[in-house]
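These are the residues of each chain, in order.
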Amino acid sequence: MVSLVPSIRAVDLTKRFGPNRAIDRISFEVGAGEVVGFLGPNGAGKSTTMRILTGLLSASSGEAWVAGRSVAREPAAIRHLIGFMPENNPLPEDMRVTEYLRFRSRIKGLSRKIRKTRIDEVLELCDLKHGTERKLIGNLSKGYRQRVGIADAILAEPPIVILDEPTIGLDPHQILGFRQMIQQLRGRMTLVISSHILPEIEKVCDRSVILNRGQVVAAGTRSELREVFSPGQTYELRVEGSLSEVEKRIKTVDHSLVLQDSYREPEGNVRRITFSSNCNTNLVPRIIESLQGPDLPVIQEIRIRRASLEDIFLAATKRTWKEGGDPSAAPRDMEEELSE
Ligand SMILES: Nc1ncnc2c1ncn2[C@@H]1O[C@H](COP(=O)(O)OP(=O)(O)OP(=O)(O)O)[C@@H](O)[C@H]1O
């Protein structure tokens, strides 16, 4: 049965470090069983929020509840409800994988009776069997170390698991493995995952919460976020012929169609052209019709491109910097990206 109590509820959480606010009155909820992406540029406040939720850091004001229990008032209960993998999770290099998990299971208070079964289960789930379980952690690749960190986080079968940057430094094969592992965990627990690798979050998460400069700037499913941050449609065409002619004909379809991008493919005489429109109607048939006739550019391909989580992320974070009116506070790398 799905619990009606949210797994996580944060209301007006604020954390001050001296005069600076790492997070400023942030509020959000994560429903039971959801897989939620926690996103934001560097310094947005993701780790600070995660550390408050897990009881490692106290909030300056505001309150958080985990499965209905107050994080500030019931810290002991929270420890049993949440499994946490921090960013740059430090692991003992000189311990073997199983040895480490045995040690962690004792600290987490798992009874002697279930320890072995549970360790076997997490080794299986995190693909740490077939010899890896006997290796020294110091000899494991980054991807396998991340798996050990996740195995530790889920070891005591907590109903909620928070993973801070679990895909950082992983190669594409390891990222694929991570995605498969999350699919295995789906349905067994609530998962909150922070990451900079937005296509990954897009593939594994039901919803996203986007933070920027310590505030929640967006929260919802991809289609909900798309409605707010990327309304209308984007059309991608592959066309043989003159760009100005394509633009001229397309303008007759709908005045809101605006040229976004155009480049010639390296081989052949085909140009890729992107138009956006704030009109929600599907204009594909009319665009095709407008380019029918002798001596007109020939459409090789046309498709509607849905805004990706990355498009939404950029729109959501860019918007707040504009509204905030203090671009100097934006992290340098994002500032450069956005000024392009
Ligand atoms: N212990 C601390 N003392 C002082 N300032 C801190 C401390 N921890 C975090 N901050 C500041 O709070 C802000 C938010 O940091 P936080 O690590 O939560 O962001 P983040 O979104 O997790 O960033 P990243 O993606 O780079 O890990 C930053 O400006 C950071 O410098």
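A quick note: this is a predicted structure, and the numbers were derived from the prediction, not measured. (Residues numbered from 1 in each chain as written. Predicted model: local features only at pLDDT ≥ 70, side-chain atom pairs only at ≥ 80, totals over all residues.)

> Is there a simple way to explain the overall build of the protein in this structure?
Check the secondary structure of the protein and you find 12 helices and 14 strands. Judged by the C-alpha coordinates and their principal axes, the protein covers about 80 × 50 × 40 Å. Of all 340 residues assigned to the protein, the portion counted as buried reaches 35%. Here the contacts in the protein between residues at least 6 apart in sequence split such that 69% fall between residues at least 24 apart. (Helix = DSSP H or I, 4+ residues; strand = E, 2+ residues; numbered from the N terminus. Buried ≥ 20, exposed ≤ 12 C-beta atoms within 10 Å, placed from the backbone. Contact = placed C-beta atoms within 7 Å.)

> Would you take a moment to explain the environment of Thr14 for this structure?
Mapped onto the elements, Thr14 comes out in strand β1 (residues 8-17). Remark: the alpha-carbon pair of Thr14 and Val270, spanning 256 residues in sequence, is separated by 53 Å.

> What is the right way to look at the confidence of the model for the protein in this model?
Low pLDDT means the predicted atomic positions in that stretch should not be read closely. Residues of the protein with pLDDT of at least 70 account for 93%, and the chain-wide mean is 87. Below a pLDDT of 50 lies the segment residues 324-340, which in the model reaches 13 contacts outside its immediate sequence neighbourhood of four places, other chains included. For this predicted complex, the interface confidence score (ipTM) comes to 0.96, while the overall pTM stands at 0.81. (pLDDT = per-residue confidence, 0-100.)

> Where do I start with the site of the ligand in this structure?
Around the ligand, a shell composed of Phe17, Ala22, Gly40, Asn42, Gly43, Ala44, Gly45, Lys46, Ser47, Thr48 and Glu87 is seen. It is helix α1 (residues 46-53) that provides the largest number of residues to the shell around the ligand, a total of 3 residues. A per-class count over the shell around the ligand returns 3 nonpolar, 6 polar and 2 charged. (Near = placed C-beta within 6 Å. Nonpolar A, V, L, I, M, F, W, Y, C, P; charged D, E, K, R; others polar.)

> Could you clarify how one ought to interpret the nonpolar core in this entry?
Buried together is how nonpolar side chains tend to be arranged in soluble globular proteins. Of all hydrophobic cores here, the largest spans 68 residues; its most connected members are Ala64, Val66, Ala151 and Ile162. Once residues within four sequence positions are removed from consideration, Ile162 is found in contact with Met50, Leu53, Thr54, Ile82, Phe84 and Val192. Membership of the second largest hydrophobic core comes to 11 residues, among which are Val253, Leu257, Ile273 and Phe275. (Core = buried A, V, L, I, M, F, W, Y, C linked by C-beta atoms within 7 Å.)

> Sorry if this is basic, but what is going on with the sheet that holds β1 here?
In a beta sheet, neighbouring strands are held together by backbone hydrogen bonds and run either parallel or antiparallel to one another. Taken in spatial order, the 4 strands make up an open sheet running β2-β1-β4-β5, and their pairing is antiparallel. Taken across any chain shown, the strands that pair with only one partner, and hence form the sheet edges, are β2 (20-30) and β5 (69-70). Both strand β4 (residues 61-66) and β5 contribute to a ladder of 2 bridges, which runs antiparallel. The partner of Trp65 across the bridge, within β5, is Ser70. Lying on the sheet, α1 is in contact with β1, β2 and β4; it crosses β1 at an angle near 115°. (Pairing = 2+ DSSP bridges. Axes fitted to C-alpha atoms, helices over the stretch in contact; angles between N-to-C directions.)

> When you look at the packing of helix α3 (residues 97-107) against helix α5 (residues 142-154) in this model, what are you seeing that I'm missing?
When two helices pack together, their arrangement is given by the angle between the helix axes and by the axis-to-axis distance. Axis separation between α3 and α5 bottoms out at 10 Å; the angle between their running directions is 25°. Regarding the angle of α3 to α5, the classification is roughly parallel. Where α3 crosses over α5, the handedness of that crossing is right-handed. For the pair α3 and α5, the contacting residues are Val97, Tyr100, Leu101 and Arg104 in the first and Val148, Ala151 and Asp152 in the second. (Parallel < 35°, antiparallel > 145°, perpendicular 65-115°, else oblique. Left-handed = near helix turned anticlockwise from the far one by under 90°.)

> Just checking my understanding: could you explain the pairing of strand β3 (residues 35-39) for this structure?
For a regular strand, side-chain orientation follows a simple rule: the groups alternate between the two sheet faces. Of all 5 residues making up β3, 5 are buried, and the element is well covered by its neighbours. Of the strand pairs in this sheet, β3 and strand β8 (residues 190-194) are connected by 4 bridges, and their pairing is parallel. Bridging across to β8, Val36 finds its partner in Val192. Of the pairings in the sheet, the one linking β3 to strand β9 (residues 207-212) comprises 4 bridges and is parallel in character.

> In this structure, what is going on with unusual backbone geometry? I would like to understand it.
Of all residues except glycine, most have a negative phi; of all peptide bonds, most are trans. Residues other than glycine seldom take positive phi values, yet Arg25 does so here, at roughly 55°. Structurally, Arg25 can be placed in strand β2. Its identity as a non-glycine residue notwithstanding, Arg213 has a phi of 45°, on the positive side.

> Explain the environment of Gln146 to me, please; I cannot follow it from the model alone.
Along the chain, Gln146 turns up in helix α5. In this structure the C-alpha to C-alpha distance between Gln146 and Ala72, which are 74 residues apart in sequence, comes to 29 Å. Not counting the four nearest positions on each side in its chain, Gln146 is found in contact with Pro166 and Leu170.

> Quick question: what am I supposed to make of the pairing of β4 here?
The sheet contact formed by β1 and β4 spans 5 bridges and is antiparallel. Among the inter-strand pairings, Thr14 is bridged to a residue of β4, identified as Ser61. The antiparallel pairing of β4 with β5 creates a hairpin that spans 2 residues between the two strands, and Ala67 there sits at a positive phi of about 50°.

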